[in-house]
Amino acid sequence: MHVDSEMLVPSGARQDVPPFNWPSAPKVKLGATGADSEMSDLEREMQKNLHAFAEKVMRPIGAQLDRMSAEDVVAADSPYWRYLDELRAMELSPRVFLELSPLERGRLFPIVLVEMGWGDGGLSIIYGACSLPPLMALVFNRRFLIERFPDSLRGCWAITEPDHGSDSLDVSRQAFHAMGSYGRPNCVATIRGDKVVINGQKSAWVSNAPTAEVCVLYCAADTGSGADTANGVCMLVPMDAPGVSRGRPLEKIGQRALPQGEVYFDNVELNTDYVVAGPEDFQRAVYFIHSEANAQMACIWTGVARAAYEMAFEYAHQRKQGGVPIIRHQAVASRLFHMYRKVEASRALARRVCLYNHTAAIPALQSAMAAKITGTQTAFEVASEALQIFGGNGLTREYPIEKLLRDARASMIEDGCNDLLAIKAGFNMIDPDLF
Ligand SMILES: Cc1cc2nc3c(=O)[nH]c(=O)nc-3n(C[C@H](O)[C@H](O)[C@H](O)COP(=O)(O)OP(=O)(O)OC[C@H]3O[C@@H](n4cnc5c(N)ncnc54)[C@H](O)[C@@H]3O)c2cc1C
């Protein structure tokens, strides 16, 4: 077998320093991306830009919004609006990424999202919510919608309902209880000819709903034989359409920078041009958005975990107890190592899954769920360990750790409770060929 070493190693990636030329006590200082292989010029540049954005814009604004009431977060003088302006200036719309090759996109997108998560979890979710309506229009190639709703609009994704949280993310009914029935949906789109009439409401958890200009709505469809909750409709709804209204922004423990609230529909009448996926495509549309959203969550919460780890790492070098920086104490060094290990594993999985899902013919939903569960669980565990390293200081609002812990706790319920996702992913893996 002939092996051309030039083909195996990206140019410039190998140091070629033989061990006998290493320092006598070899040691490697890893940067922000950990034990990462060579990045392309574009990836390095984007990471640098996004890191600066996360540090100078997202962190300070996220910290400010965290202390404000939910109503004040969306008030006219809130820094929330400055974040959106600065985010728009970064030009990170789905259209920009879709112009890259699947390979480039699959490598670059997670790098961008991890940096954003490092800046602020809740503000990163705003970016995700804004990107979903244009992404759906582009991926399902709906020309009318692509032109009707420019990428710059504020967006939201409304799928869960007051009576259907986990249920609404289980359209294939894989995780449904044998004795259960779905019951009445809280929101129904009645489709007759070329008209759709929407009635009902979505849950108080719709991210970015209080300010959104366009909503990607998933709900039951009635095409003439009653509301079908398994074969519903996915459509883009202008939030200023007659009959659309919103609830008050929700007060919650974490991700307080992210405004959330109900969306109400009172005889909202739209043309079928607004439909992204009708009943025949509904399960495909749920599968796509769920795979995409869970992979995004994996990256964002890996970034939050990295932020908590880095803060604890720095603090452990500064804080002295027993006459030495606390990192000299074995238990602290060991705790930090396990935090580092978890961040590295979570990042590797998130990036691997994004790369697979962007390049495969059909994304692997179970892999996106694995990465989402790992990323959010890692963020929660690492933030909790970081708080332990900060000792009493970690419990106070003088330090940023308690916020990271609150933000991370919410992520384990967001985009599907981790317990439910694990059941669904397990069922998804069943191979009928092996029975
Ligand atoms: C920060 C955040 C952001 C969110 N953003 C959005 C958004 O943008 N758009 C949107 O539509 N929704 C959004 N949600 C809603 C989110 O998707 C739901 O909260 C989630 O799906 C769980 O639904 P639920 O809260 O109604 O809990 P429930 O479904 O009532 O679940 C309660 C408990 O029962 C368990 N359970 C339920 N069903 C099963 C089952 N079949 N098997 C085993 N256990 C089960 C759950 O795991 C959970 O522990 C967001 C939520 C959060 C916290």
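This is a predicted model, so every value here is computed, not measured. (Residues numbered from 1 in each chain as written. Predicted model: local features only at pLDDT ≥ 70, side-chain atom pairs only at ≥ 80, totals over all residues. Heavy atoms only, no water.)

### Some points on the site of the ligand
Alright, step 1. In the vicinity of the ligand lie 22 residues, with Trp 157, Thr 160, Ser 166, Ser 207 and Gln 260 positioned nearest.
Alright, step 2. Thr 160 has a polar side-chain atom sitting 2.8 Å from a nitrogen atom of the ligand.
Alright, step 3. Note that a nitrogen atom of the ligand is positioned 3.0 Å from one of the backbone N or O atoms of Trp 205.
Alright, step 4. Summarising the interface, the protein chains cover 71% of the accessible area of the ligand, which totals 980 Å² for the free molecule.
Alright, step 5. Of all the elements in the fold, those that place two or more residues in the shell around the ligand are strand S1 (155-158) and helix H14 (418-428).
Alright, step 6. With three residues, the top contributor of residues to the shell around the ligand is H14.
Alright, step 7. Of the residues belonging to the shell around the ligand, the class tally is 12 nonpolar, seven polar and three charged.
Alright, step 8. Residues lining the shell around the ligand come from more than one domain, with at least three contributed by each of domain 2 (155-283) and domain 3 (284-428). (Near = heavy atom within 4 Å. Polar contact = N/O pair within 3.5 Å; in protein donor to acceptor, adjacent residues only side chain to side chain. Areas by Shrake-Rupley, 256 points an atom, 1.4 Å probe, with all protein chains shown as cover. Helix = DSSP H or I, 4+ residues; strand = E, 2+ residues; numbered from the N terminus. Nonpolar A, V, L, I, M, F, W, Y, C, P; charged D, E, K, R; others polar. Domains from an automatic or database assignment.)

### Considerations on the packing of helix H9 (residues 282-318) against helix H13 (residues 401-411)
Alright, step 1. It is the contact of H9 with H13, at a shortest axis distance of 11 Å, that shows an interaxial angle of 155°. As judged from the angle between their axes, H9 and H13 are roughly antiparallel. Taken as a pair, H9 and H13 cross one another with a handedness that is left-handed. Residue-level inspection shows Met 297, Trp 301, Val 304, Ala 307, Ala 308 and Met 311 of H9 in contact with H13, the latter providing Ile 401, Leu 404, Asp 407, Ala 408 and Ser 411.
Alright, step 2. Here the contact of H9 with H13 is built from residues that sort into nine nonpolar, one polar and one charged. (Axes fitted to C-alpha atoms, helices over the stretch in contact; angles between N-to-C directions. Parallel < 35°, antiparallel > 145°, perpendicular 65-115°, else oblique. Left-handed = near helix turned anticlockwise from the far one by under 90°. Contact = heavy atoms within 4.5 Å.)

### As for the domain arrangement of the chain
Alright, step 1. By the assigned domains, the chain splits into domain 1 (41-148), domain 2 (155-283) and domain 3 (284-428).
Alright, step 2. Counting residues at the interface gives 21 residues for domain 2, matched by 20 residues for domain 3.
Alright, step 3. For domain 2, the biggest contributors to the area lost against domain 3 are Leu 169, Gln 174 and Gln 255; these three give 36% of the whole.
Alright, step 4. Summed over the shared surface of domain 2 and domain 3, the number is two salt bridges.
Alright, step 5. There are 16 residue pairs in polar contact (both at pLDDT 80 or more) connecting domain 2 and domain 3. (Buried area = accessible area lost by both parts, 1.4 Å probe. Salt bridge = Lys/Arg side-chain N within 4 Å of Asp/Glu carboxyl O.)

### Here we look at the pairing of strand S7 (residues 263-271)
Alright, step 1. Direction of pairing for strand S3 (residues 195-202) relative to S7: antiparallel, over a ladder of seven bridges. Its bridge partner being in S7, Lys 202 is matched across the sheet by Val 263.
Alright, step 2. Where strand S6 (residues 244-246) and S7 come together, three bridges link them in antiparallel fashion. Bridge assignment links Ser 245 to a residue of S7, and that residue is Tyr 264. (Pairing = 2+ DSSP bridges.)

### Comments concerning H13
Alright, step 1. Along H13, nine of the 11 residues are buried, which leaves the element largely enclosed by surrounding structure.
Alright, step 2. Against helix H2 (41-66), H9, helix H11 (365-390) and helix H12 (392-395) lie the buried residues of H13. (Buried < 20%, exposed > 50% of the residue type's maximum accessible area, 1.4 Å probe, protein only.)

### A short note on the packing of helix H7 (residues 121-139) against H9
Alright, step 1. Look at H7 against H9: their axes get within 11 Å of each other, and the N-to-C directions meet at 155°. Accordingly, the angle class assigned to the pair H7 and H9 is roughly antiparallel. Pair H7 / H9 crosses with right-handed handedness. Contact residues: Gly 121, Ser 124, Ile 125, Gly 128, Ser 131, Leu 132, Leu 135, Met 136 and Val 139 in H7; Ala 285, Phe 288, Ile 289, Glu 292, Gln 296, Met 297, Ile 300, Trp 301 and Val 304 in H9.
Alright, step 2. In terms of residue class, the contact of H7 with H9 is made up of 12 nonpolar, five polar and one charged.

### Things to note about the side chain of Thr 160
Alright, step 1. Along the chain, Thr 160 falls in the loop between S1 and strand S2 (187-192).
Alright, step 2. A distance of 2.8 Å separates a polar atom in the side chain of Thr 160 from a polar atom in the side chain of Ser 203.
Alright, step 3. Beyond its immediate sequence surroundings of up to four residues, Thr 160 is in contact with Gly 165, Ser 168, Lys 202, Ser 203 and Trp 205.

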